[in-house]
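# A look at the structure
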Amino acid sequence: MAPRRGGEGGAGALAAIGGGRGAFDPPPLKRMYPWQQDGAGQCDIVAGGVDDTGVFKGIHISGVHLMALLRTFQLSKVFMPVDTSTPIAHLGQSLQDGIPLVIVTRGCFGRDMDYGPGPVRNDVQKTVWEICRQMRADMPQVLISCIDLPINVSPDVVQACLSEPLNEYRELMYHEGTWHTPSVINSSGLAKWKQENKKEKLNKVGVMPGGFHRKKFGWLDETVFYKDMWALGWKPVLKRSDPPAAPRRTDLVFSENAVPDVKPILNSIPSGTEVTFRKLLARSRESGDPKELVSSVKAYLDRAKFSEKSGLEEAVKACGEAAELFEGRGDAVEACSARGMAVGTYIWMNEVDKAMHIATEMQASAKTVKVEVKAARLVLDCHFALGELDKAVEAATSAKDGVQKKGDPEALCEAWGLVVATEIARGDFEAAVTAATSATSSADKLSKAKAWLLVAESQMALGGNSESEATKKSAYEAAIAAQTSARWLFKELGLKKEEAEALQGVVQACLVQGNSTTALQTATELQAFAKDAEGSTEGMSVLAATASQLVATAHLQQYSIDGAFLEGGGEAMIAAAREAVASFHRLGEGGRRAGAQRVLLQVRRAFPSTN
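Keep in mind it's a predicted model, so treat the numbers as computed, not measured.

The subject of this paragraph is the overall build of the protein. Along the protein, the regular secondary structure elements total 21 helices and seven strands. For the protein, the proportion of its 611 residues judged to be buried stands at 38%. Sequence separation of 24 or more characterises 65% of the internal contacts of the protein that already satisfy a separation of 6 or more. Accessible area for the protein stands at about 35,800 Å²; split by element, carbon and sulfur atoms hold 54% of it.

As structure tokens, then:
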């Protein structure tokens, strides 16, 4: 069988006698053993020096197992193998004569781009440094220097160690263009800190919960106990080049790219409400009736979810179609109402910009004064949704000024109502009272009556938000007087429902003021008035039931003040409360019936003797 020929790498050592070369050649290609991950066979030895001409004369051994080679140097000549080559045998004698020996390790102190597992490699090569230090102590005549280089540095860097000033050091490390040498520094502070901050086990007996640690305070200076503690560090001795700059990546540019529009994950399965809505919408479109379209949208919006974006967009589209159909029939007010539903839907979807666009176009293209006022109200809703109260006041004032020039008293009263509502929302209640009082100068009785209702609303807001008792009292009295003035104007016009609503406002203002007696008298008057007009006027039945509930409430308020009931006693109170519950139940008013039941519960607690 022919012998295996692996070249110089297979021999395990490369001996080079000094010649005319002035630089070290890189080591030749050698075999790599995957099972040797500790780096023990990747060390270099340089024995020799530089003569007067600057030429290195000596031996450079690379890619050998350093531990075995150092052990060979420690043996005498008689213990060397008989087949040892002449240069290596001569080297052993030269060491005794004082030839400098340089041992080069790779990545001993944690260099980047290392080969193999870092902790194992570093531990093995640090042992090499310890053996070299022991050899210096045992064989002082042998000049041994240890140099640590990064794994990616060429061997020519070692040449600097053979000349001044680096040849004066026995241990060197090359790192980022600078030569370092070990230095010993006092570490008494670190030792004291480690002693005071020992790592304790969890749930240790004697340790209080909550992370509390007992501290001790010594009577003596404890640093004297740690003065003999030292640590090994590194100090620079020669700078060869600047540290290499970290390469900057040029492909990580995020400012030029547009921000991605992250959209929520939509449920692909439509809800039952949306499916029913689309069926009704298709049927309404076939019939071409705008009222059916509007009713379908109303029914869907009462049950729609915020996540049903496609269904809500379809509802807005249906509102636009209904508005166009109403405009084709000449009904501008209904068309405005249909577009108002679209604006409200966009506001609920948190797309106020689209809602503002629709409302602004409606206000600009309004053909009648009433439509202009309704569109202005939609614009204010958009400002309220955005929290722009100052802009809302400007828009309301501008709409009022525009309507005032057209000579429509009813529309002007509605415009004044926009100003009053905006001032109340902004918190300027005195300005709201001033605007409402200005609206009462109208010559039209109906507009003037509505203006007095605005005065009552603003005065109630002023009294409810004032801290002064005198201001509250005067505001509530002014509100009662305004509601009374509106009531008599509605009576002159023959508007019974509006008159009854004004009486209801008087009762509520009296209850807020704490005047239970006047509230009971007015509520009784409202109850009789509503029952007389119950057959002739629509909506009076609900007002009659509301009056009965207000009668019971007036009794309860007086009982909470002095523990006594008003005229009629507890029997009249509980009879009124029961009548209110029965009336609302007969009329099918579920929400109002629930409120009347709560009043009845309080009545039974105040007057428990009657079942």
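Counting 40 residues, the largest nonpolar core has Met540, Ala552 and Val603 as its most contacted members. Looking at this core, the elements with two or more residues in it are helix H17 (496–513), helix H18 (516–532), helix H19 (540–562), helix H20 (569–587) and helix H21 (590–606). Considering each element in turn, this core owes the most residues, eleven residues, to H19. One finds Tyr300, Tyr346, Ala375 and Leu378 within the second-largest nonpolar core, a separate group that totals 34 residues.

Next up on the list: H18. Its 17 residues give H18 an end-to-end C-alpha distance of 24 Å, which sits within 8% of 24 Å, the value for a rise of 1.5 Å per residue. Check the buried side of H18 and you find it contacts H17, H19 and H20.

Time to look at the side chain of Thr546. Locating Thr546 in the fold gives a position in helix H19. Beyond its immediate chain neighbours, meaning those up to four positions away, Thr546 contacts Gln504 and Phe584.

In this section: the pattern of salt bridges. What the rule picks out here adds up to 20 salt bridges. Its salt-bridge partner being Lys354, residue Glu351 comes within 3.2 Å of it at the nearest N-O pair. A residue is classified by how much of its surface remains accessible, and Glu351, at 25% relative accessible area, is partly exposed. Of the charged contacts, one joins Asp390 and Arg426 as a salt bridge, the two residues approaching to 3.6 Å between their closest N and O atoms.

Here the phi dihedral of Glu176 falls at roughly 55°; this positive angle occurs in a residue that is not glycine. Considering the arrangement of structural elements, one finds Glu176 in the loop between strand S5 (171–175) and strand S6 (178–186). The phi torsion at Asn350 lies on the positive side, around 65°, for a residue other than glycine. Tracing the chain through its elements places Asn350 in the loop between helix H9 (332–348) and helix H10 (352–364). The exposure class of Asn350 is exposed, given its relative accessible area of 60%.

Quick look at helix H7 (residues 290–301) now. With twelve residues, H7 ought to run about 16 Å at 1.5 Å a step, and its terminal C-alpha atoms sit 16 Å apart, in line with that. What H7 keeps buried is the set Pro290, Leu293, Val294, Ser296, Val297 and Tyr300. Buried residues of H7 fall within an arc of 160° about the axis and therefore sit on the same side. Buried residues belonging to H7 abut helix H6 (272–287), helix H8 (309–328) and H9.

Here is what the cut-offs are and how they apply
Residues numbered from 1 in each chain as written. Predicted model: local features only at pLDDT ≥ 70, side-chain atom pairs only at ≥ 80, totals over all residues. Heavy atoms only, no water. Helix = DSSP H or I, 4+ residues; strand = E, 2+ residues; numbered from the N terminus. Buried < 20%, exposed > 50% of the residue type's maximum accessible area, 1.4 Å probe, protein only. Contact = heavy atoms within 4.5 Å. Areas by Shrake-Rupley, 256 points an atom, 1.4 Å probe, with all protein chains shown as cover. Core = buried A, V, L, I, M, F, W, Y, C linked by side-chain atoms within 4.5 Å. Expected span 1.5 Å × (residues − 1). Salt bridge = Lys/Arg side-chain N within 4 Å of Asp/Glu carboxyl O. Arc of directions from axis to C-beta.

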